[in-house]
Amino acid sequence: MIMETLTVKQKQYLKQPKERISGSEAIVRCLLAEGVDVLYGYPGGAIMPVYDELYKYQDKIHHVLTRHEQGATHSAQGYARISGKVGVAMATSGPGATNLITGIADAQIDSTPIVCITGQVPSHLLGSDAFQETDIVGISTPVTKWNHQITKASEIPEVMAKAFYIAKSGRPGPVLIDITKDAQFEEFDFQYKKCEGIRSYNPVPKVEDSKLEEAADLINNAKKPMIIWGQGVILGKAEEELKAVIEKAGIPSAWTIMGASAIPTSHPLNIGMVGMHGNYAPNVLTNECDVLIAIGMRFDDRVTGKLDDYATQAKVIHFEIDPAEIDKNVKTDVAVLGDSKESLAKLLPLLNANSHTEWLQKFKDLYAVEFEKVIKNDLHPIKEGLTMGEVLNEINTQSKGEAAIVSDVGQHQMIACRYAEFNVSRSNITSGGLGTMGFALPAAIGAKMAAPEREVVAVIGDGGYQMTIQELGTIFQTKVPVKIVVLNNDFLGMVRQWQQLFFDKRYASTEMTNPDFVAIAKGYYVNAKRVTKREELSSVVEEMMQSKDAYFLEVCVEKEDNVFPMVPSGASVSDIRLE
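Caption draft 1: Quick peek at a negative patch on the surface. Taken together, the side chains of Glu208, Asp209, Glu213, Glu214 and Asp217 present a region of like negative charge at the surface. With respect to the helices and strands, glutamate 213 occurs in helix 11 (residues 209-220).

Written out as structure tokens, the structure reads:
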């Protein structure tokens, strides 16, 4: 009777031949079944059985030995962000597992699909404070999309299948699987079936036609509409659909940091970046538009500034896959739940062709103001010292705007996001929500491995660089040809800027006494040069971009340059400062 109720697929699965193997080999087989060809990690006692099996599968899965477990998670993030696939990281128990947490938390807030596998002490020792035992499931619960501890080998196939499905479905995120050492040794009859759905888990809400009609009616009748898109467009692979909507409706469109590169920088309706260090026009005119259309973004505090003064005059339409984001920060008039690609495709025929010429001109006029007061001085300075902006400008020239820029966190990050030219989607890889210093170097390794045909340039500050500088060893060992640019101002620049503007120049613990970065890079056998003068910049950047090997470039920039525009903390976006 039970067999009669099974589907054809279920019957076929039950008839599949089973093979008796160990739990550790099952882990590797599961990874292969999910198409994993590279993973990042660091071995240790509690995960050693899995590493022993990986040794046997070296021709199928490339394991990258990072120099720190945090580097493994960031590498997995970089891999996932540029490819759209699930990144994988692995570590042992205790300190190995806890070292993954920063990268996991970063992946959670930036919706990056990664699966982290950790070893654990044998199940009979759980809770006994055994050597290198840590409750990693409890620790990681707040920063994972899902986690699970395996104590029996027979659980491995189903749990691993769920892990990959949950990580990549709907709004992506990190998943952690903790496996006791005895489960890795235990043998069982192995079968693997990919997960295609989980009861009560509905990762993609159904698009409601009535909501699309409401949204289209507001957009068609708007006099001053404005779009802000976020990473949801990129995650949903909806770049072409967004472009079609923007062009048909003639709507000025801005982006969050995480949404950068979905639409080329040069597009005539691309009005720039919103947020604390975004462009002047889209920040100011957020508080003048009559309809604000948010697509795949979460109204982060860095975007909205003071919520009480944010777009209070506008009708707000929110296209979003995650129901938890609706009305969380900004009250929505029309919420369109669903996958961005599907939602925008269905919206397009409902829109009237339009051209908001006068409204668009206001953005152009304010851009001209920003250009004169800020941009011109950043990109074409007349002062003696080098600026971060002109370095990015030179990278644009040499890469033709087709490089993937992996930025760390700080002033250089804002400069990179503001001035890098993005002509290809998935070209801006940065730590957005968590703001993790040390992100860029290992993330660039993962990005280059996932997309070897693309030029990958890590843009890093002297502070963040030293948090994961040991990953130069990973670059040396793997020969991955990433390009590394450290913009060195001998300061923790963003903190110093706040100290200058809001703490009467009390530079408490922000000035850096730095080592010889070039000598360190050469110690890892990475080609390296330092630039201190403007006349040297172009030729050295060209040399770096043409190199077939990894290359390190230190550019010594002005020590006390600030990044403007800037929305002061707690201020309205329309109070953005140009100086």
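From this point, the discussion proceeds with the structure in view.
Caption draft 2: Looking closely at the sheet that holds strand 18 (residues 483-488). Pairing in this open sheet of six strands is parallel, and the strands run 16-15-17-18-20-19 from one edge to the other. Only two strands of the sheet have a single neighbouring strand rather than two, namely strand 16 (428-430) and strand 19 (527-531). Here the strands of the sheet are splayed against their neighbours by 20 degrees on average, with no regard to which way each runs. As judged from the five bridges shared by strand 17 (residues 456-461) and strand 18, these two strands associate in the parallel manner. Residue pairing for strand 18: valine 459 is matched across the bridge by valine 485. Lying on the sheet, helix 5 (residues 69-83) is in contact with strand 15 (404-407), strand 16 and strand 17; it crosses strand 16 at an angle near 155 degrees. Seen against the sheet, helix 25 (residues 534-546) touches strand 17, strand 18, strand 19 and strand 20 (551-556) and runs at an angle of roughly 160 degrees to strand 20.

Caption draft 3: Here's a closer look at the packing of aromatic side chains. With the rule as written, the count across this model stands at 10 aromatic pairs. Ring geometry for phenylalanine 299 and tyrosine 310: centres 6.0 Å apart, planes at 75 degrees, overall edge-to-face. In this pair, phenylalanine 299 sits in the loop between strand 12 (291-295) and helix 15 (301-304) while tyrosine 310 sits in the loop between helix 15 and strand 13 (315-320), placing the two residues 11 residues apart along the sequence. Per residue, the accessibility class of phenylalanine 299 equals that of tyrosine 310, and both read buried.

Caption draft 4: Structural detail: the pattern of salt bridges. Taken as a whole, this structure holds 28 salt bridges when the rule is applied. With a shortest N-O distance of 3.2 Å, aspartate 301 and arginine 302 are connected by a salt bridge. Residue class for aspartate 301 comes out partly exposed when judged on its relative accessible area of 46%. Between lysine 483 and glutamate 455 there is a salt bridge whose closest N-O contact spans 2.9 Å. Of this pair, lysine 483 sits in strand 18 while glutamate 455 is found in the loop between helix 20 (440-450) and strand 17, placing the two residues 28 residues apart along the sequence. Among the charged side chains, a network of salt bridges with common partners joins Arg171, Asp322, Glu325 and Lys328.

Caption draft 5: Highlighting helix 11. If you check helix 11, its first and last C-alpha atoms are 16 Å apart, about what 12 residues at 1.5 Å a residue would give, namely 16 Å. All of the buried residues along helix 11 are Leu212, Ala215, Ala216 and Ile219. Taken end-on, helix 11 shows its buried residues confined to a sector of 100 degrees, consistent with a single buried face. Lining the buried residues of helix 11 we find strand 12, strand 13, strand 14 (334-337) and helix 16 (340-347).

Caption draft 6: Up close: the side chain of glutamine 77. Structurally, glutamine 77 is set in helix 5. The class of glutamine 77 is buried, set by a relative accessible area of 0%. When near neighbours in sequence (up to four residues on either side) are disregarded, glutamine 77 contacts Gly103, Asp106, Ala107, Thr112, Ile114 and Phe439.

Caption draft 7: Structural detail: the packing of helix 5 against helix 20. Running from amino to carboxyl end, helix 5 crosses helix 20 at an angle of 40 degrees, the nearest separation of the two axes being 6 Å. Looking at the two axes, helix 5 sits oblique to helix 20. Considering only the axes of helix 5 and helix 20, their crossing is right-handed. For the pair helix 5 and helix 20, the contacting residues are Gly71, His74, Ser75, Gly78, Tyr79, Ile82 and Ser83 in the first and Pro442, Ala443, Ile445, Gly446, Ala447 and Ala450 in the second. In terms of residue class, the contact of helix 5 with helix 20 is made up of seven nonpolar, six polar and no charged.

What counts, and at which threshold
Per chain, residues are indexed from 1 in the order of the written sequence. Predicted model: local features are reported for residues with pLDDT of at least 70 only, side-chain atom pairs are reported and counted for 80 or more only, and whole-chain, interface and lining totals are derived from all residues. Computation of side-chain values covers all heavy atoms of the structure but excludes hydrogens and water. Patches here are clusters of residues that have more than 30% relative accessible area and form no salt bridge, with a 9 Å joining cutoff for like charges and a 5 Å cutoff for nonpolar side chains (Val, Leu, Ile, Met, Phe, Trp, Tyr). Per-residue and other accessible areas follow the Shrake-Rupley method at a 1.4 Å probe size, with only the shown protein chains counted as cover for residues. In the sections that follow, a salt bridge refers to a side-chain nitrogen of Lys or Arg positioned within 4 Å of a carboxyl oxygen of Asp or Glu. When charges are counted, Lys and Arg contribute as positive and Asp and Glu as negative, whereas His and the chain ends are disregarded. Charged side chains are reduced to one point each, which is NZ for Lys, CZ for Arg, CG for Asp and CD for Glu. Secondary structure elements follow DSSP: runs of H or I of four or more residues count as helices, runs of E of two or more count as strands, with numbering from the N terminus. Strands are labelled as partners when DSSP assigns at least two bridges between them. Angular values range over 0 to 180 degrees, each being the angle between N-to-C directions of two axes fitted as lines to C-alpha atoms, with helices fitted over their stretch in contact. By definition, residues are in contact when any of their heavy atoms lie within 4.5 Å. Between rings of Phe, Tyr and Trp, where Trp is taken as its six-membered ring, a pair exists when centres lie within 6.5 Å; planes separated by under 30 degrees are stacked, by over 60 edge-to-face, and by other angles tilted. Each residue's exposure class comes from its accessible area (1.4 Å probe, protein chains only) as a fraction of the maximum for that residue type: buried when under 20%, exposed when over 50%, partly exposed otherwise. By this rule the span expected of a helix is its residue count minus one, scaled by 1.5 Å. Directions from the helix axis toward the C-beta atoms define the arc. Should an angle fall under 35 degrees it is taken as roughly parallel, and over 145 as roughly antiparallel, whereas 65 to 115 is taken as roughly perpendicular and any remaining angle as oblique. Here a crossing is called left-handed whenever its near helix is offset anticlockwise from the far helix by less than a right angle, and right-handed whenever the offset is clockwise. For this classification, the nonpolar set comprises Ala, Val, Leu, Ile, Met, Phe, Trp, Tyr, Cys and Pro, the charged set comprises Asp, Glu, Lys and Arg, and every other residue, Gly included, is treated as polar.

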